[in-house]
Amino acid sequence: MNLINKNQLFNYSKDNFFILSRVFSILFLIIFLSIISPQFLGWNNILNIIRQASIQFLISAGLTLVILTAGIDLAVGAILGLSACFAASLMVDGQLELAIVAGLISGLLAGSLNGFLVAFGRITPFIATYGVLWIASGLGYVFMKGEVLHSFPPSFRYIGTGNLFGIPVTILIAGIILIILHILLHKTVFGRSIYAIGGNPSSARLSGISVKSKLFYIYTLSGLLSSFAALIVMARINSVDSSIGEDLLLPAIAAVCLGGTSLFGGVGGIAGTAIGALILSLVINGMNLLGVPSFWQSGVMGAIILGSVLADQYGSGRSLIKS
Amino acid sequence: MDRRNFIKYNSIIALGGLAVTTFAQGNKPITIAFFVKNVTNPFWKGCRIGAEKAAKELGVSLEVVAPTKPDNIEEQTRLVEDWIVKKPDAFVFVPVDFKALVPSIQKVNKAGIPVVGYNNRMTDVDLVSYIGSDDELIEYEASTFLFKSMGGKGKIVHIDGVPAASTAQARKKGLERALKDFPGIELLVSQPGQYRRLPAVQVFENLMQRYPEIDGVVSANDDMAVGIAEALISAGRANKTKVIGVDGIPDALAAISAGKMFATADFSGHDQAYLAVHAAVRNLRKLSVPKEIKLPIVIISKQNISSFPSTPEERSVPSWDKTVASQK
């Protein structure tokens, strides 16, 4: 137990160093963009970027926890889509509360299916969640039959478009989730066991952590967070079709990686993901403001992700691949 | 289940009515494999409903074939191969990519199954008939309509589809052609919205920061256009910017009625698919079918929205004879 704690402490201080380096890269991006684009530093644009980053963060939050255990949840986008479909169908029938509950429960169930398959079915997370990805998006197609549901009540849309004290509600919600998850990860036994499992599952088990049930809860939580993100996305764009969750997976993984969480588990944290999401949003905003041609944007994105991971490897001396 | 029974009963009724024809064909009900690009975009739902109406009328059975992953080339290629083996009486086909699917349709030609194309034109394949319109023309007409309403001057933003998609490239060309006709219109920027609402909204929010004055937005489809209109409302800029889309999906029609969105250009997938199934069945029944049917593009704006039913189910079907007669 002592040994694990020491190890964690070690990682944690390195994480702080890492976050500092990320803050510098954000500052660099901000300075660079504000020099070449006069509109960049406007208050509205800053809120705009943070709001977009908040949504990206909410989509990546559950995934971060899973990746910390050295797992992967490929179903985040699909679960988001499925929850949105269920919630939207009830919402257009006028049953707002029921819609929210149904959306969250469907995410919880899909997440627990992931958790069950990984923890008790002993299926590799990649395969288990890949299967659930197909099931969830397939269910969405069957359920929606090509329909688009739109026009949700304004009271609901408040969480995606409203302002509180001049700050978009979405940002506040993402901030609250960030604080809760940060406390969960660093101040609770559950959080510490997440790092322990990711660091070394065998020693985690030997030190008395019930790895299986913890994994089950983590995947379930990831599903729940996906469905929560679904509600925010719905409120924001005011329509749902069965493809809403597609294309969300890869940016979600990118935000986690940019935030310095190792795909091999045990290293990183939720604050990093918030920063990763912010970097992603900054880069996209910058490319839009500068009018970078469509065809180049994906390539630029990929180069930035690779570049930042390489810089970590060689710059901070912290290897993302466990040696 | 419902639909199947429905088609079955109707087939029986129609078979009775067309006893002579069916007798000549050996009493086997006609099966048409009807392809769509995906089951997520409402445009293709409109197509499916148009095709189902035709199948019901003609008393044939219709099998809707769609890739589970939207617009997936590899998957549609496999689906075509599967359906060659199943040997339907005819294919009514739209390629997810007009070039990539050419070899597959050539295989269908080799297998001797007649193919009617709709919505996206293909070359180097043998089609009984092609029913559609073209992407370049529709974006040209939509842009022209917008530019005229702006009095021929002002600043516009273009939200592109998936940059690599052939439909997006053709639509962009249509916009560029319209821009040449209106030298007073300035294209501020063209950025991709991936044909989807969430990315389009985010890109457009970023662009609103850069450009405090945008007079018009040309969106490559309606799904994005509705999102853009919403983003303008959230930013309090709704009455300064006119948004035009393409496709005529129900969501967009609702937005136009509510005054949120300026206009859309209707392709009428519903009519295309309806006529395509008719063409396929007429061909099987040895009736004349023109090599190509071009459908007129209709711009739907606040002025004429009341004459457009908001869902494809309520739409009236075009008359085959009249449509064919109007071709020349």
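Here is a short report on the structure shown in this document. Model, not experiment: these values are computed from the prediction. (Residues numbered from 1 in each chain as written. Chains lettered and ligands numbered in written order. Predicted model: local features only at pLDDT ≥ 70, side-chain atom pairs only at ≥ 80, totals over all residues. Heavy atoms only, no water.)

1. Focus: the interface of chain B and chain A
Then step 1. In this assembly, 33 residues from chain B lie in contact with 39 residues from chain A.
Then step 2. Between chain B and chain A, roughly 3,100 Å² of surface is buried when both sides are summed, and carbon and sulfur atoms account for 47% of that area.
Then step 3. Between the two partners, chain B and chain A, sit four salt bridges.
Then step 4. Here chain B and chain A share 18 residue pairs in polar contact (both at pLDDT 80 or more) between them.
Then step 5. Contributing elements (two or more residues each) for the side of chain B that touches chain A: helix H3 (42-58), strand S7 (185-192), helix H8 (197-210), helix H9 (222-234) and helix H10 (250-257) of chain B.
Then step 6. The greatest single-element share of the side of chain B that touches chain A, amounting to 10 residues, is contributed by H8 of chain B.
Then step 7. Of the residues belonging to the side of chain B that touches chain A, the class tally is 12 nonpolar, 10 polar and 11 charged. (Contact = heavy atoms within 4.5 Å. Buried area = accessible area lost by both parts, 1.4 Å probe. Salt bridge = Lys/Arg side-chain N within 4 Å of Asp/Glu carboxyl O. Polar contact = N/O pair within 3.5 Å; in protein donor to acceptor, adjacent residues only side chain to side chain. Helix = DSSP H or I, 4+ residues; strand = E, 2+ residues; numbered from the N terminus. Nonpolar A, V, L, I, M, F, W, Y, C, P; charged D, E, K, R; others polar.)

2. Let's talk about the packing of helix H7 (residues 169-187) of chain A against helix H10 (residues 211-237) of chain A
Residue and element names in this part refer to chain A.
Then step 1. At a minimum axis separation of 12 Å, H7 and H10 run at an interaxial angle of 170°. Considered as vectors, H7 and H10 are oriented roughly antiparallel to each other. Side by side, H7 and H10 meet where Thr170, Ile173, Ile177, Leu181 and Leu184 of the first sit next to Leu221, Leu225, Phe228 and Ile232 of the second. (Axes fitted to C-alpha atoms, helices over the stretch in contact; angles between N-to-C directions. Parallel < 35°, antiparallel > 145°, perpendicular 65-115°, else oblique.)

3. Looking at helix H4 (residues 96-120) of chain A
In an α-helix, one turn spans 3.6 residues; hence positions three or four apart end up facing the same way.
Residues and elements named next belong to chain A.
Then step 1. Over its 25 residues, H4 extends 35 Å from the first C-alpha to the last, a length consistent with the 36 Å expected when each residue adds 1.5 Å.
Then step 2. Those residues of H4 not exposed but buried are Leu96, Ala99, Gly103, Ser106, Gly107, Ala110, Gly111, Ser112, Asn114, Gly115, Val118 and Ala119.
Then step 3. Where the residues of H4 are buried, they touch helix H3 (76-92), helix H5 (125-144), helix H6 (154-161) and H10.
Then step 4. A positive backbone phi angle near 55° is found at Arg122, which sits one or two residues after H4. (Expected span 1.5 Å × (residues − 1). Buried < 20%, exposed > 50% of the residue type's maximum accessible area, 1.4 Å probe, protein only.)

4. Quick word on the sheet that holds strand S5 (residues 129-132) of chain B
Residues and elements named next belong to chain B.
Then step 1. Spatially, the six strands line up as an open sheet ordered S2-S1-S3-S4-S5-S11, and their pairing is parallel. The open sheet has two free edges, formed respectively by strand S2 (61-65) and strand S11 (292-294), since each of these has just one partner strand. Within the sheet, the average angular offset between the axes of one strand and its neighbour, ignoring direction, is 15°.
Then step 2. In terms of strand pairing, strand S1 (residues 31-35) meets strand S3 (residues 90-93) through three bridges, oriented parallel. Residue Ile32 lies in a different strand from S3, and its bridge partner there is Ala90. (Pairing = 2+ DSSP bridges.)

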